[in-house]
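One letter stands for each residue in the lines below.
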Amino acid sequence: MMPKYTKEDIIHLVEDEDIKFIRLQFTDIFGQLKNVAIMPSQLEKALNNQIMFDGSSIEGFVRIEESDQYLYPDLDTFTILPWRPQHGRVARLICDVCNPDGTPFVGDPRGALKKVLKRAADMGYTFNVGPELEFFLFQTDDDGKPTTKTNDEAGYFDLGPLDHGESTRREICLTLEMMGFEIEASHHEVAAGQHEIDFKYADALTAADNIMTFKMAVKTIAQKNGLHATFMPKPIYGINGSGMHTNMSLFKDGKNIFFDPDGERKLSKEAYSFIAGILHHVKGMAAITNPLVNSYKRLVPGYEAPCYLAWSAGNRSALIRIPSARGNSTRVELRCPDPACNPYLTMAVCLAAGLDGIEKNMTAPAEITDNIFEMSKSERTAKGIESLPGSLYEAIQAFEKDDVVKGALGEHIVNQYIAGKEKEWDDYITSVSDWEVEKYIVAF
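Residues numbered from 1 in each chain as written. Predicted model: local features only at pLDDT ≥ 70, side-chain atom pairs only at ≥ 80, totals over all residues. Heavy atoms only, no water.

### Describing the nonpolar core
Using the following cut-off: What we call a nonpolar core is a set of buried Ala, Val, Leu, Ile, Met, Phe, Trp, Tyr and Cys residues that are connected through their side-chain atoms within 4.5 Å. Exposure is judged per residue with a 1.4 Å probe applied to protein chains only, and the accessible area is read against the type maximum: over 50% gives exposed, under 20% gives buried, and values in between give partly exposed. In what follows, a contact means two residues having at least one pair of non-hydrogen atoms within 4.5 Å.
Ranked by size, the top nonpolar core spans 104 residues in total, and within it Phe127, Phe214, Leu250 and Leu334 carry the most contacts. The residues touching phenylalanine 127, leaving out its near neighbours within four places in the chain, are Leu117, Ala202, Asp203, Ala204, Met248, Ser249, Leu250, Phe274, Met347 and Leu351. In this structure, Val14, Ile38, Leu75 and Ala91 belong to the second largest nonpolar core, which totals 21 residues.

Put into structure tokens, the structure is as follows:
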């Protein structure tokens, strides 16, 4: 692929477009976007990979004694942030994090994804991903703090005047298009205040970068309009949570290798092995794809969230769905990830699991066409349908047992990630919730 920008292009663009700040962005292991802002006078230094930051101040990065790290901007990610002022504009570059000697830093999630992508490339594959991100738009109170009120009575695919978030959603779409996104669909989701915007699939690294940019844009524009956007998986009890359905395909020599005109359901042997690999490893992946205590409150039967390990072509109660499009659009849709995940780590583990299936010639279980939500426990057991972990604690335990998933991320990320998530779980189980107080304070 031809690079979009050279260093000289970027220097000229900053000058011509009156850009006064450049944000050098990177992502920590828990999926939080970080940035170091520089002035144009520092741009050349940045483009020569000479901007340093203190890694010990970033959670899960490094210890104090090895803290100097360098930001290596990916020139193709240069973009102007359209919501900033027209004079003294702001642009950003997404960066890789490197050690002082120029080697990739083992704790950089973007680096972890690049490593698995290289493994795929060595097998002749390009990994493409099309994400569908759901989010809620909530009103803010007089202090600007988020509430869980939506001012919205709309349902799935409804249009205004019921959908008060519609103008904000439209503004988000227009802003993203200005930033080079190709928006495929945007609509109101099932729950009040819930929205979904889907953008065109891209190679996995670009897709992960796009997800981080998307989240930043959605939150910024919502805030500008006096709303609060959240990617929290299950903000309100009793209604659907937010997912990040992840559509995946592998290409070889420009052709989608999941498609086989003569295969069963026009799917190739590789497609079935990829599905088998994901199903085999999905429990170990859950701590990455569904990273919060709150994630597991979305993954319960009855709210369209897939919690059962099965695949199907049409059945939305299965964890993996194969949308009907074929040819180069053939894809495997994994429905469990939620938008709180770190997209770099999520794509790294999805690809590693799928490749493991292909390398080991795994066989996918039989397709499940019945509604799994309506099956009894014994019916599911008879069909061999297992469930995802039921809590973050169970997910961490499954993660610790899966060497393929851990191998995709490397020891540094795995250890730091587990330590962070164990602390989160510990905080959760020792805190006292409103539910407990309401339930017990009078009764006992």
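There is more to say, and it comes next.
### Describing the side chain of serine 242
Condition: Here a strand is any run of E in DSSP of at least two residues, a helix any run of H or I of at least four, and the numbering for each starts at the N terminus.
With respect to the helices and strands, serine 242 occurs in the loop between strand E11 (227-230) and strand E12 (244-252). Residue classification places serine 242 among the buried residues on the basis of a relative accessible area of 0%. Among all residues touching serine 242, those that are not within four sequence positions of it are Glu134, Phe135, Phe136, Gln194, Met232, Pro233, Arg298, Asp338 and Pro339.

### Things to note about the layout of surface pockets
Heads up, the rule is: Only protein atoms enter the 1 Å grid, on which a cavity is a set of points fitting a 1.4 Å probe that cannot get out and a pocket is an open set with protein on both sides within 12 Å along at least 5 of 7 lines, lining residues being those with an atom within 4 Å of a point. Grid points are joined across faces, edges and corners, and a volume is the space filled by probe spheres set on the points. Residues were grouped as follows: Ala, Val, Leu, Ile, Met, Phe, Trp, Tyr, Cys and Pro as nonpolar; Asp, Glu, Lys and Arg as charged; and all remaining residues, including Gly, as polar.
Volume-wise, the largest pocket comes out at about 880 Å³. In terms of lining residues, the largest pocket is bounded by 31 residues, among which Lys4, Asp76, Thr77, Thr206 and Asn210 are the most central. Elements that contribute at least two residues to the lining of the largest pocket include exactly strand E5 (79-80), strand E6 (89-98), strand E10 (202-203) and helix H5 (204-224). Top element by residues in the lining of the largest pocket is H5. It accounts for five residues. Among the residues making up the lining of the largest pocket, the classes are represented as 15 nonpolar, six polar and 10 charged. By volume, the second largest pocket is sized at about 750 Å³. Looking at the second largest pocket, it is lined by 35 residues, and the ones nearest its centre are Gly31, Gln32, Leu33, Lys215 and Lys219. Every element with two or more residues in the lining of the second largest pocket is listed here: H5, E11 and helix H12 (411-430). Per element, the largest residue contribution to the lining of the second largest pocket is six residues, and it comes from H5. A class-by-class count of the residues in the lining of the second largest pocket yields 17 nonpolar, 10 polar and eight charged.

### Digging into the packing of aromatic side chains
This is how the line gets drawn: Each Phe, Tyr or Trp ring (for Trp, its six-membered ring) is paired with any other whose centre lies within 6.5 Å, and the angle between the two planes then decides the class: stacked below 30 degrees, edge-to-face above 60, tilted in between. Each ring is checked for a lysine NZ or an arginine CZ that lies within 6 Å of its centre and within 35 degrees of its normal; such an atom marks a charge sitting over the ring.
Under the definition given, this model contains 18 aromatic pairs. Three or more aromatic residues joined by ring pairs form one cluster here, namely Phe135, Phe181, Phe199, Phe214 and Phe231. When the ring centre of phenylalanine 231 is taken as reference, the NZ or CZ atom of lysine 215 above it lies at 6.0 Å.

### Side note on helix H4 (residues 166-178)
Counted only if it meets this: A helix's residues, less one, multiplied by 1.5 Å, set its expected span.
Across its 13 residues, H4 extends 18 Å between first and last C-alpha, which sits within 8% of the 18 Å expected from 1.5 Å per residue. The inward-facing, buried residues of H4 abut strand E7 (126-139), strand E8 (183-188), strand E9 (194-199), H5 and E11.

### What about the packing of helix H3 (residues 109-122) against helix H8 (residues 343-359)?
Let me state the cut-off plainly: Throughout, an axis means a line fitted to C-alpha atoms (over the contacting stretch in the case of helices), and angles, computed between N-to-C directions, take values from 0 to 180 degrees. Roughly parallel refers to an angle under 35 degrees, roughly antiparallel to one over 145, roughly perpendicular to one between 65 and 115, and oblique to any angle outside these ranges. What makes a crossing left-handed is the near helix being turned counterclockwise from the far one by less than a right angle; a clockwise turn instead makes it right-handed.
At a closest axis distance of 8 Å, the pairing of H3 and H8 adopts a crossing angle of 20 degrees. Relative to H8, H3 is oriented roughly parallel. Of the two possible hands of crossing, H3 and H8 adopt the one that is left-handed. Touching Pro109, Arg110, Ala112, Leu113, Val116, Leu117, Arg119 and Ala120 of H3 are Tyr344, Leu345, Met347, Ala348, Leu351, Ala352, Leu355, Asp356 and Glu359, all from H8. Each residue belonging to the contact of H3 with H8 can be placed in one class, and the counts come to 13 nonpolar, no polar and four charged.

### Thoughts on unusual backbone geometry
Phi angles above zero are rare outside glycine, and aspartate 18 is one such case at about 55 degrees. With respect to the helices, strands and loops of the structure, aspartate 18 is situated in the loop between helix H1 (7-16) and strand E1 (19-27). By relative accessible area, aspartate 18 is classed as partly exposed at 27%.

### What about the confidence of the model for the protein chain?
Selection rule: Note on scores: pLDDT gives the predictor's confidence for each residue, bounded by 0 and 100.
Chain-level pLDDT for the protein chain is 88 on average; 92% of the residues reach the 70-or-more range. Per-residue pLDDT stays below 50 along residues 154-163; that stretch engages in 25 contacts with residues further than four places along the chain or on separate chains.

### Comments concerning a nonpolar patch on the surface
For clarity, the cut-off: Only residues whose relative accessible area exceeds 30% and that take part in no salt bridge are eligible for patches, with like-charged residues grouped when within 9 Å of each other and nonpolar side chains (Val, Leu, Ile, Met, Phe, Trp, Tyr) grouped when within 5 Å. Every accessible area reported is derived by Shrake-Rupley at a probe size of 1.4 Å, with residue values counting cover from the shown protein chains alone. Every case where a carboxyl oxygen of Asp or Glu lies within 4 Å of a side-chain nitrogen of Lys or Arg is listed as a salt bridge.
Residues Val432, Val437, Ile441 and Val442 make up a contiguous nonpolar surface patch of about 420 Å² in total accessible area. Its location among the elements puts isoleucine 441 in the segment after helix H13 (434-440).

### Overview of the packing of H3 against H5
The contact between H3 and H5 brings their axes to 10 Å, and the two run at 160 degrees. As far as their axial angle goes, H5 and H3 are roughly antiparallel. By crossing handedness, the relation of H3 to H5 is classed as right-handed. Along its contact with H3, which presents Arg110, Leu113, Lys114 and Leu117, the element H5 presents Ala204, Leu205, Ala208 and Asp209.

### As for the pattern of salt bridges
The final tally for this structure, using the stated rule, is 17 salt bridges. The shortest N-O distance in the salt bridge between glutamate 367 and arginine 265 comes to 2.7 Å. Of the two residues, glutamate 367 sits in the loop between H8 and helix H9 (377-382) while arginine 265 sits in the loop between strand E13 (255-256) and helix H6 (269-289), which places them 102 residues apart along the sequence. With a relative accessible area of 41%, arginine 265 lands in the partly exposed category.

### Some thoughts on the environment of phenylalanine 251
Looking at where phenylalanine 251 falls in the secondary structure, it is placed in strand E12. Residues phenylalanine 251 and threonine 126 lie 125 residues apart in sequence; the distance between their C-alpha atoms is 5.1 Å. Beyond its immediate chain neighbours, meaning those up to four positions away, phenylalanine 251 contacts Gly124, Tyr125, Thr126, Asn128, Tyr201, Asn256, Ile257 and Asn328.

### Considerations on the pairing of strand E4 (residues 68-73)
Operational definition: Whether two strands pair comes down to DSSP finding at least two bridges between them.
Here E4 shows a clear split, with Gln69, Leu71 and Pro73 buried on one side and none of Asp68, Tyr70 and Tyr72 buried on the other. Here strand E3 (residues 51-54) runs beside E4; their pairing, made up of four bridges, is antiparallel. Counterpart to isoleucine 51 in the pairing with E4 is leucine 71. Alignment of E4 against E6, held across four bridges, turns out to be antiparallel. If you follow proline 73 over to E6, its bridge partner there is cysteine 95.

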